[in-house]
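Close look at the chain arrangement
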Amino acid sequence: MEASRDPGRDPRSLLSCVNGFHPKALVFVSEKRCAFAAGKLIVEMDVESKKQRFVQGHSATVTCITHSEQQALGASGQVLRSGAKWAEVLLWDSESLEICACFSFHQANVEAVGFVQDGEVLVSIGSDRDRTMALWPAAREGCFRIGRKEGVPLAVCSAYKGGAISGIAAAPGSSDLPMLFASYGVQHIKFWRSPRSGRLSQAIEGRRGAFGSDGVPKMILCAVWVSRDRLVAGGNNGEVFFFHGSRAVRKMEPQSSPVACLLPLRESLAVVHGNGMCHFLHGGKTTDVEFSSVAGWPGPRFRTQLVSGAWKDRQLLLSSKTHLIYLDLSNGLPRATCKPLVSQPAAALTSVANHPVAPRIYTAALDGLVRCYDVKDMTQLEQRSFHGSSQGVTCLAISGAADEESSAWLAVGCSDSTLSIMSENSYQYVLRRTLSGSKAKLTCAKFSSVDMSGKHPLWLAVGTDDGCIHTFRFKEPCCRSSAYTGMHTGEEVVSKVATLRGHEAPIVDICFADTLPCNYLISADLSGKELAFDVPMARRLPTMTLVREVPFHPWTLPVGWQMQGCKVDKKLPRVHEISGRQLIAVATDVIKVFPFPCISPPSIHPLRLEGPSAPIASLLFNPMNDSLLASSDTALFVWSWETEAQARLPLSPLRSVQESETPDSRKPQVPAFTPPPRPRVQVQDDQSRSGIGKPRPKAVGIAKQL
């Protein structure tokens, strides 16, 4: 059953995969399961199968996460949502992933959370001026629950007024012992203890750690207890401090690279630095190991510096801006195993495109890289990923391909107005050109339908930030690997045809007519203005009515009579038709699924697909695996529909397309070109004969048909 027609269907069942993570919000749930934040979600992943489950309930971006093995509970904090009074802290069951409690107290972003006293108490710290710290009863039973009101903290105080908090580290020991934990961050580490065990009093004592004569470090990034009275902390300049009580008794600086993670082993301590170097401290000796030498470690072209980590026994979970890496040291370092779990760009995603035949997708990002992923498990294919531009890639498009001897065309647009056209198989350039003298950013790119017979040309349209649309015509519908072996073949393969004008705002999206020959193009800009163009004649049509009966598939424009019932509260949304289901996805901060065409507001509430916390940069429906992809910040969210035994539309690039008709519904005399638009009076006469000018059907009738 289609999602939008079943109001009782749980939209969480559609979410199948999240390819993205918060590099400083990760934790082990068990020996083979980890959890990390992505948008509004907590993603729980099996490190072997990469199967994902999700905790949904946050209303804004998740900033921190923690877990208690003793209580089998997890907790996560979020930013303060615009217009909200509180930034919530959620308590959830790590087995069922159901929400157990919601703590509404902090009036600023939640900066850190951590369990203490064997998970019976949850500590949360906000990012307000006083860095307000609240202690909550977290255990389902126990002394901290006795006589306490729900939603009321056990104790409240100021954690540190001098700067941000990086994290919380709980001291080992049973819950019968007095409470002891440490908070750390900008230029400080602070040790907290309760005056007695058992029921918590309203007073909790805090003492700043003394770093000695060398002074206070700029930032403490991580800390771990090796015993109840000994703690090790790592700084941003590679310093390692050894505390006895609240005083640092030793300092080491084996590397100048920041300390990303500390792993206490049975008889040694592993210090992992941001550059991938690991120092094993054992009996006064130091052994240096470079993790990049471990099989499976990400290649140097795409990896960035490590920023955080988590540990469980002899398993490590390391994160950088681009990779989430699982490292197993159970069999010793010589036989250590490494597996990248998730890979993402270092800057925001801008565009997503799917290959028409092979099971892979491409993403473009502002870090200048074009990444290729296997759609089965979202594993990055590094051999098919490449550096597109040092200025940031802003748009991406792939044409259709049909046989083994040919390759699709790949168009890559950049923020400095540079357009690159290459073979998708060999990545050899056939054209690289700056389209705008003012260096206007390229905002979108689209290919027309492919005619493998070569009878009708293939077109490419590229929209810019200054309201122009540049059109290109290819001499062949696909790249023959034996024909083009050199670089920059230019006019021999593709030629610039025209620059279409008429928009005064940046181009948002472009849609070619789903016909052969492809004669029409429609476009929309940021102000909501919609225009139609005759592509071969490079002319703007006087009215959108002339292309009303021309098929455009898939529909990706946020305007038009097909979208009149899709009301959104914010700016111009991202739109993509869900082929074969008579649905369309409309996205701003949240994705709503409407029936398509949607002439009037639907009678039932549209399906909401939750997860992204930042505005949606691009939408894509992949008919190969029946999934909807949305890029938000650096994360890619995937919703999949179950395969149904119903008639489905074939893949868009390979379907048989119909012959084009002119606006007055008559066959053109020259198949590849359309005569210029008729005078307005004659168009009215022709429309009356063809039925184009008839009144639109009523919204109620179409809603019943849907």
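Everything numeric in this text was worked out from a predicted model, so none of it was measured.

Parameters at a glance
- Residues numbered from 1 in each chain as written.
- Predicted model: local features only at pLDDT ≥ 70, side-chain atom pairs only at ≥ 80, totals over all residues.
- Heavy atoms only, no water.
- Helix = DSSP H or I, 4+ residues; strand = E, 2+ residues; numbered from the N terminus.
- Buried < 20%, exposed > 50% of the residue type's maximum accessible area, 1.4 Å probe, protein only.
- Contact = heavy atoms within 4.5 Å.
- Areas by Shrake-Rupley, 256 points an atom, 1.4 Å probe, with all protein chains shown as cover.
- pLDDT = per-residue confidence, 0-100.
- Pairing = 2+ DSSP bridges.
- Axes fitted to C-alpha atoms, helices over the stretch in contact; angles between N-to-C directions.
- Salt bridge = Lys/Arg side-chain N within 4 Å of Asp/Glu carboxyl O.
- Phe/Tyr/Trp six-rings, centres within 6.5 Å; stacked < 30°, edge-to-face > 60°.
- Lys NZ or Arg CZ within 6 Å of the ring centre and 35° of its normal.
- Polar contact = N/O pair within 3.5 Å; in protein donor to acceptor, adjacent residues only side chain to side chain.

1. Brief notes about the overall build of the protein
Summing up its helical and strand segments, the protein has 2 helices and 57 strands in all. Counting all 706 residues of the protein, 57% fall into the buried class. A separation threshold of at least 6 residues defines the contact pool for the protein, and within that pool the share at least 24 residues apart is 50%. Surface summary for the protein: the accessible area is close to 29400 Å², and the carbon and sulfur share equals 48%.

2. Digging into the environment of Glu98
On the secondary structure map, Glu98 appears in the loop between strand S8 (87–93) and strand S9 (99–106). Residue Glu98 is classed as partly exposed on the basis of its relative accessible area of 46%. When the C-alpha positions of Glu98 and Gln56 are compared, they lie 8.4 Å apart, and in sequence the two are 42 residues distant. Glu98 has contacts with Leu91, Trp92 and Asp93, leaving out every residue within four places of it along the chain.

3. Describing the confidence of the model for the protein
Mean pLDDT for the protein: 85, with 84% of residues reaching 70 or above. Taken element by element, the predicted model of the protein shows its lowest mean pLDDT in helix H2 (residues 699–705) (36) and its highest in strand S6 (residues 62–68) (97). This model gives residues 1–9 a pLDDT under 50, and the stretch forms 22 contacts once residues within four places in sequence are excluded. Below pLDDT 50 for its whole length, residues 482–488 participates in 14 contacts with residues either more than four positions away or in separate chains.

4. Quick look at the sheet that holds strand S35 (residues 393–398)
In space, the 4 strands of this open sheet follow the order S35-S37-S38-S39, with antiparallel pairing throughout. At either end of the open sheet lies a strand with only one pairing partner, and these are S35 and strand S39 (429–434). Put simply, the sheet's adjacent strands are angled 15° from each other on average, direction ignored. Relative to strand S38 (residues 418–423), strand S37 (residues 409–414) is paired through 5 bridges, and the arrangement is antiparallel.

5. Some points on the environment of Leu460
Locating Leu460 in the fold gives a position in strand S41 (residues 458–464). Once the C-alpha coordinates of Leu460 and Phe447 are considered, the two residues, 13 residues apart in sequence, prove to be 4.5 Å apart.

6. Some thoughts on unusual backbone geometry
A cis amide bond links Leu516 to the next residue, Pro517, at an omega of -5°. Mapped onto the secondary structure, Pro517 falls in the loop between strand S46 (515–516) and strand S47 (520–525). Of note, the bond from Phe596 into Pro597 is cis; its omega dihedral lies within 30 degrees of zero at -5°. You can see Pro597 is positioned in the loop between strand S52 (591–595) and strand S53 (607–609). Of note in this structure, Ala72 is not a glycine but carries a positive phi near 55°. Here Leu97, not a glycine, exhibits a phi torsion of approximately 65°, which is positive. Residue classification places Leu97 among the buried positions, given a relative accessible area of 9%.

7. Section: the environment of Pro615
Within the element layout of this structure, Pro615 appears in the loop between S53 and strand S54 (616–622). For the pair Pro615 and Arg574, spaced 41 residues apart in sequence, the C-alpha separation works out to 9.5 Å. If sequence neighbours within four positions are ignored, Pro615 has contacts with Thr588, Asp589, Ser631, Ser632 and Asp633.

8. Notes on the pattern of salt bridges
Tallied over the full model, the rule gives 16 salt bridges. Between Arg33 and Glu95 there is a salt bridge whose closest N-O contact spans 3.2 Å. Note that Arg33 is positioned in strand S3 (residues 33–38) and Glu95 in the loop between S8 and S9, a separation of 62 residues in sequence. Note on Arg33: relative accessible area 15%, which makes it buried. A relative accessible area of 47% places Glu95 in the partly exposed class. A salt bridge links Glu504 to Lys529; the shortest N-O distance between them is 3.2 Å. One end of the pair, Glu504, is in the loop between strand S44 (494–500) and strand S45 (507–512); the other, Lys529, is in the loop between S47 and strand S48 (530–534), and 25 residues separate them in sequence. A residue is classified by how much of its surface remains accessible, and Glu504, at 64% relative accessible area, is exposed. Residue class for Lys529 comes out partly exposed when judged on its relative accessible area of 25%. One network of salt bridges, with partners in common, ties together Arg33, Glu44, Arg53 and Glu95.

9. Thoughts on the sheet that holds S48
Strand pairs in the sheet, formed through backbone hydrogen bonds, run parallel or antiparallel to each other. Spatially, the 4 strands line up as an open sheet ordered S45-S47-S48-S49, and their pairing is antiparallel. Lying at the two open borders of the sheet, with one neighbouring strand each, are S45 and strand S49 (539–540). As paired strands, S45 and S47 are joined by 5 bridges and run antiparallel to one another. Counted as the bridge partner of Ile507 is Asp525 from S47.

10. What to know about the packing of aromatic side chains
Working definition: an aromatic ring pair is given by the centre-to-centre distance plus the angle between the planes. For the structure shown, the criterion picks out 15 aromatic pairs. A cation over an aromatic ring shows up here: Arg548 above the ring of Trp561, its NZ or CZ 4.5 Å from the ring centre.

11. Remarks on the pairing of strand S23 (residues 269–273)
A large share of S23 lies buried, amounting to 5 of its 5 residues. The two faces of S23 match: Leu269, Val271 and His273 on one face and Ala270 and Val272 on the other face are all buried. Pairing between strand S22 (residues 259–264) and S23: 5 bridges, direction antiparallel. Counterpart to Val259 in the pairing with S23 is His273. Here S22 folds back onto S23 in antiparallel fashion, the turn holding 4 residues.

12. So, the side chain of Ser257
Counting through the fold element by element, Ser257 comes out in the loop between strand S21 (247–252) and S22. A residue is classified by how much of its surface remains accessible, and Ser257, at 7% relative accessible area, is buried.

13. With respect to the pairing of strand S26 (residues 306–312)
Bridging between S26 and strand S27 (residues 315–320) involves 6 bridges; their strand directions are antiparallel. Its bridge partner being in S27, Ser308 is matched across the sheet by Ser319. Between S26 and S27, which pair antiparallel one after the other, the connecting turn spans 2 residues, and Asp313 there sits at a positive phi close to 60°.

14. Some points on the side chain of Thr634
Of note, Thr634 is situated in the loop between strand S55 (627–632) and strand S56 (635–640). On the basis of relative accessibility, which here comes to 14%, the residue Thr634 falls in the buried class. Here the side chain of Thr634 touches Gln344 through a polar contact of 3.3 Å, side chain to side chain.

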